[in-house]
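Understanding the architecture of this molecule
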Amino acid sequence: MAQIKQLWLMFSIITTLIMLMFLIGGSNISQGFSSSYSFSGGDVDPRATRRFKNLIVHIDLKGAPPRVEYLIDFFKLLSKNHVDGVAMEYEDMFPYSGDLEDVRRDSGAYTEDDIRRITMEAAALNLEIIPLIQTFGHLEFLLKRPAFRTLSEDFIDINTICISDYRSIDIIHQMILQIRRLHPNSTRIHIGSDEAYHVAEDVRCHQKMSNEKMGKSELKMRHIAKIGKFAKEIAHFKTVFAWNDMFDKEAESAIKGAELHKWIVPVVWGYRVDVTEDGYFPEGLFERIPNVFEEFYVASAYKGADGARQQFSNISRYLENQKSYTKLMDLHPKAAEKVSGIFVTGWSRFNHLNALCELLPVSIPSLIIDLLYLNYGISGNSAWKSMKNQLDCDQETFLRGVLSEWTIRGCKFPGADVFEIIMHDWKRQVDRRLLGRQDLSPDQKSPTAVLSNLKTALKPILFDADIDEIYHQYLNDFHSIHSRTTIFPDLSNS
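What comes next is a walk through the structure. (Residues numbered from 1 in each chain as written. Predicted model: local features only at pLDDT ≥ 70, side-chain atom pairs only at ≥ 80, totals over all residues. Heavy atoms only, no water.)

In terms of helices and strands, the protein carries 18 helices and eight strands. Among the 494 residues that make up the protein, the fraction classed as buried is 55%. Contacts in the protein between residues at least 24 apart in sequence constitute 75% of all its contacts with a sequence separation of at least 6. (Helix = DSSP H or I, 4+ residues; strand = E, 2+ residues; numbered from the N terminus. Buried < 20%, exposed > 50% of the residue type's maximum accessible area, 1.4 Å probe, protein only. Contact = heavy atoms within 4.5 Å.)

Looking now at the pattern of salt bridges. Scanning the model with the defined rule gives 35 salt bridges in all. With its nearest N and O atoms 3.2 Å apart, the salt bridge here joins Arg116 to Glu112. Of the two residues, Arg116 and Glu112 are both situated in helix 4 (residues 112–124); the distance of four residues between them amounts to about one turn of the helix. Among the salt bridges present, the one from Lys327 reaches Asp274, with a minimum N-O distance of 3.6 Å. With a gap of 53 residues between them, Lys327 in helix 12 (residues 315–331) and Asp274 in the loop between strand 6 (265–269) and helix 11 (285–292) connect regions that are remote in the sequence. Accessibility expressed as a relative area gives 41% for Lys327, which makes it partly exposed. Each member of the salt-bridge network shares a partner with another, and the members are Asp45, Arg47, Arg50 and Asp84. (Salt bridge = Lys/Arg side-chain N within 4 Å of Asp/Glu carboxyl O.)

Take the side chain of Arg50 next. Looking at where Arg50 falls in the secondary structure, it is placed in the loop between helix 2 (26–31) and strand 1 (54–60). Within the structure, the side chain of Arg50 is placed 2.7 Å from the side chain of Asn375, a separation counted as a polar contact. Ignoring any residue separated from it by four or fewer positions in sequence, one finds Arg50 in contact with Leu55, His82, Asp84, Leu374 and Asn375. (Polar contact = N/O pair within 3.5 Å; in protein donor to acceptor, adjacent residues only side chain to side chain.)

For the rest of this paragraph, the subject is the state of the cysteines. Inspection of the entire model under this criterion finds one disulfide. Residue Cys393 pairs covalently with Cys411 via a disulfide, S to S 2.1 Å. Residues Cys393 and Cys411 are joined by a disulfide whose S-S torsion is about 105 degrees; by sign, that bridge is right-handed. One end of the pair, Cys393, is in the loop between helix 15 (380–390) and helix 16 (416–434); the other, Cys411, is in the loop between helix 15 and helix 16, with 18 residues separating them in the sequence. With no disulfide of its own, Cys162 lies closest to Cys205 among cysteine sulfurs, the gap being 4.1 Å. (Disulfide = S-S within 2.5 Å.)

Another point: the pairing of strand 6. The two faces of the sheet receive side chains in turn, since in a regular strand these alternate between them. Strand 6 sits mainly inside the fold: five of its five residues count as buried. Here strand 6 shows two buried faces, one formed by Val265, Val267 and Trp269 and the other by Pro266 and Val268. Direction of pairing for strand 6 relative to strand 7 (residues 296–303): parallel, over a ladder of three bridges. Counterpart to Val267 in the pairing with strand 7 is Tyr297. (Pairing = 2+ DSSP bridges.)

Turning our attention to the pairing of strand 8 (residues 339–346). In terms of burial, strand 8 is largely enclosed, as seven of its eight residues are buried. Pairing of strand 1 with strand 8 involves four bridges; the strand directions are parallel. From the neighbouring strand, Ile56 faces strand 8, where its bridge partner is Phe343. Where strand 7 meets strand 8, seven bridges bridge the pair, whose relative direction is parallel. Within strand 8, the residue paired with Ala299 across the bridge is Phe343.

The subject of this paragraph is the packing of aromatic side chains. This structure, assessed with the given rule, holds 16 aromatic pairs. For the ring pair Tyr271 and Trp347, a centre distance of 6.2 Å and an interplane angle of 50 degrees mean the geometry is tilted. With Tyr271 in the loop between strand 6 and helix 11 and Trp347 in the loop between strand 8 and helix 14 (360–376), the pair connects residues that are 76 residues apart, well separated along the chain. Here Tyr271 and Trp347 have matching classes, each one buried. The rings of Phe241, Trp243, Trp269, Tyr271, Tyr297, Phe343 and Trp347 are connected pair by pair, giving a single aromatic cluster. The cationic tip of Arg149 hangs over the ring face of Phe155; the distance from NZ or CZ to the ring centre is 5.0 Å. Looking at Arg433, its charged tip hangs above the ring of Phe478, at a distance of 4.8 Å from the centre. (Phe/Tyr/Trp six-rings, centres within 6.5 Å; stacked < 30°, edge-to-face > 60°. Lys NZ or Arg CZ within 6 Å of the ring centre and 35° of its normal.)

And the structure:
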């Protein structure tokens, strides 16, 4: 056992020394491959040539929502990368009023003036704010409130609103109209409508289906079409987006019968590393969708799809997701002709009641890499070099062939200090814990000291309640890690 530990320690020391040698000579190494790094991006407008003409970045505000000042800095990065729109999934951060006032977050919700400033600053950067409002599933933020609890399809899992209760429809209409009032210049809205887990389970739905002689599929598609029609005809949005998964297995005739094609533009979402894997999307989906709808969008991810409690950004994992959509279009050229754009989504939680995923500042390098690929088709060394140039990072730690988050240092993008604390200081703590190390190296701070630094760095970015949640979640997750003794197996009995 002792010999194995000694060998492992020697291997670690030798590996570290080799990497340090490369780091010291990194700038010299890269000079020999200058042709690979010649692309800078950013200055050339790719809209006429990129695969997905309309590029929309999604921000999920149901977890760790940024302060307005940080959002504006984030918008500037998006504008620089030729993004066309920002899908703002407000949830309880929106300043609802009247009967909906209690839906607002208990502390830190945006004010009406905040929303006006967000839309104004976005417009100045040629970004359209596309409000995303859930109208079917993922309505925990509404249904958790006592005044609306009876509208839940399931009393325990409050994911799905009962679409057969007229009060549900009235509430959804109110939400859309309040959103419209504070987004007078937005031409597009997204009505969500994904992952409604409890459709037609309540007696109200049973009665409606019996009275109107319809099945579950027709019930849910009629609902989405009805909300789409309201958003178009009454709220006067030109385009109404909806996620695909509540109708993507239905026959073309059923979709047309529900008149979905008249009122919504589908957004086909998938966040697996490779969305072209057999069985991932329903069979025949990319034949049915273009046959029924005039256009559709797809949706990838730059964060929030790598584990419900993931703290660390995996840039390569999300880049592969973007690449797989290009592959998907190649596999379905007729469907590709009707694809008008892509949503690049960034999820904060899997649902309103779940733990936090990667924070927005931690995911900015991932997003920039993804946008460089979607805009210019570049990846690998060229993309990483361009990302580091754009985010004003230290190029000395750039190694050809070493495309790792630990090489991203010394950056000056909004929230770069948060990125470094989590991806370097905190990750080092977690990795040592995973390796079974309970001691601290001489130059290391304690876990609580690192998280205290993180709280300070987050002050100008997030609200106090969210900073406290991050601190406690990270610390609890850290202490829940069990030592992985299998790294040094006990061979005494072998």
